[in-house]
Amino acid sequence: MNKVISAKNAPAAVGPYSHAVMGGNVLYTSGQLGLDPVSGALPEGVEAQAKQALDNLGAVLKEAGMDYSDVVKTTVFLANMADFAAINAIYADYFKGDCPARSCVQVAALPKAALFEIEAIAVK
């Protein structure tokens with residue numbers, strides 16, 4: 001049975017989707033932008049957006065009874081691949097030790113003109 005996860009401390013979805021869905025012991029998260037969960041605003045700059053998006057991902061993981069160490073795969077979406085090194089440094093603050101598998105792609109555009117988005121798969 002699938003269980004929908006809705007995190008109180010993450011920004012509301014900007015469309016018809018859930019924060020995450022737990023299928024068995026596997027959690028599939030929707031993409032998290034760097035939206036402030038209270039104001040709904042995007043901070044300026046890719047670094048600030050990446051930090052907030054990773055914090056938002058953490059809130060979704062926590063709501064599901066998980067944390068960053070449970071993540072097995074992430075996909076990072078960047079508006080500009082020139083930001084790769086900057087987000088790598090921030091990403092490393094959240095995923096330590098044995099890091100999850102990861103894909104990183106540059107996209108033409110992200111919702112709300114964001115510069116960074118991340119989605120994850122986690123296993124408990």
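Preceding block: the structure.
Thresholds applied
Residues numbered from 1 in each chain as written. Predicted model: local features only at pLDDT ≥ 70, side-chain atom pairs only at ≥ 80, totals over all residues. Heavy atoms only, no water. Helix = DSSP H or I, 4+ residues; strand = E, 2+ residues; numbered from the N terminus. Buried < 20%, exposed > 50% of the residue type's maximum accessible area, 1.4 Å probe, protein only. Contact = heavy atoms within 4.5 Å. Core = buried A, V, L, I, M, F, W, Y, C linked by side-chain atoms within 4.5 Å. Phe/Tyr/Trp six-rings, centres within 6.5 Å; stacked < 30°, edge-to-face > 60°. Lys NZ or Arg CZ within 6 Å of the ring centre and 35° of its normal.

Draft legend 1. Region of interest: the environment of Asp-93. Mapped onto the elements of the fold, Asp-93 is located in helix 2 (residues 84-94). On the basis of relative accessible area, Asp-93 is assigned to the exposed category, the value being 51%. Here the alpha-carbon distance between Asp-93 and Leu-61, two residues 32 residues apart in the chain, equals 16 Å.

Draft legend 2. View of the side chain of Gln-32. Within the fold, Gln-32 resides in strand 4 (residues 32-33). When neighbours within four sequence positions are excluded, Gln-32 is seen to be in contact with Ala-10, Pro-11, His-19, Ala-53, Asn-56, Leu-57, Val-60, Phe-116, Glu-117 and Ile-118.

Draft legend 3. Looking closely at unusual backbone geometry. In this structure, Lys-112 takes a positive phi of about 60° despite not being glycine. Within the secondary structure, Lys-112 sits in the loop between strand 6 (101-106) and strand 7 (116-123). What makes Lys-112 exposed here is its relative accessible area of 54%. If you check the backbone angles, Ala-113 has positive phi at about 60° while not being a glycine. Positionally, Ala-113 belongs in the loop between strand 6 and strand 7.

Draft legend 4. View of the nonpolar core. Ranked by internal contacts, the top residues of the largest apolar core, which has 29 residues, are Leu-27, Val-76, Phe-116 and Ile-118. Counting only elements with at least two residues in this core, the list comes to strand 2 (20-23), helix 1 (46-63), strand 5 (71-78), helix 2 and strand 7. In terms of residues, this core owes the most to one element, helix 1, which gives eight residues. Not counting the four nearest positions on each side in its chain, Val-76 is found in contact with Ile-87, Tyr-91, Arg-102, Ser-103, Cys-104, Val-105, Phe-116, Glu-117 and Ile-118. Among the nonpolar cores identified, the runner-up in size contains five residues, and Leu-33, Leu-35, Leu-110 and Ala-114 belong to it.

Draft legend 5. Highlighting the packing of aromatic side chains. Within this structure, the stated rule accounts for three aromatic pairs. When the centroid spacing of 5.5 Å and the interplanar angle of 70° are considered together, the rings of Tyr-68 and Tyr-94 count as edge-to-face. One end of the pair, Tyr-68, is in the loop between helix 1 and strand 5; the other, Tyr-94, is in helix 2, with 26 residues separating them in the sequence. We classify Tyr-68 as partly exposed; its relative accessible area is 21%. Since its relative accessible area comes to 18%, Tyr-94 is described here as buried. Ring geometry for Tyr-91 versus Phe-95: centroids 4.6 Å apart, planes at 35°, classification tilted. We note that Tyr-91, like Phe-95, is buried. Here a set of aromatic residues connected by ring pairs shows up, and it is made of Tyr-68, Tyr-91, Tyr-94 and Phe-95. For the cation-ring pair, Arg-102 lies above Tyr-91, with the distance from its terminal atom to the ring centre recorded as 4.6 Å.

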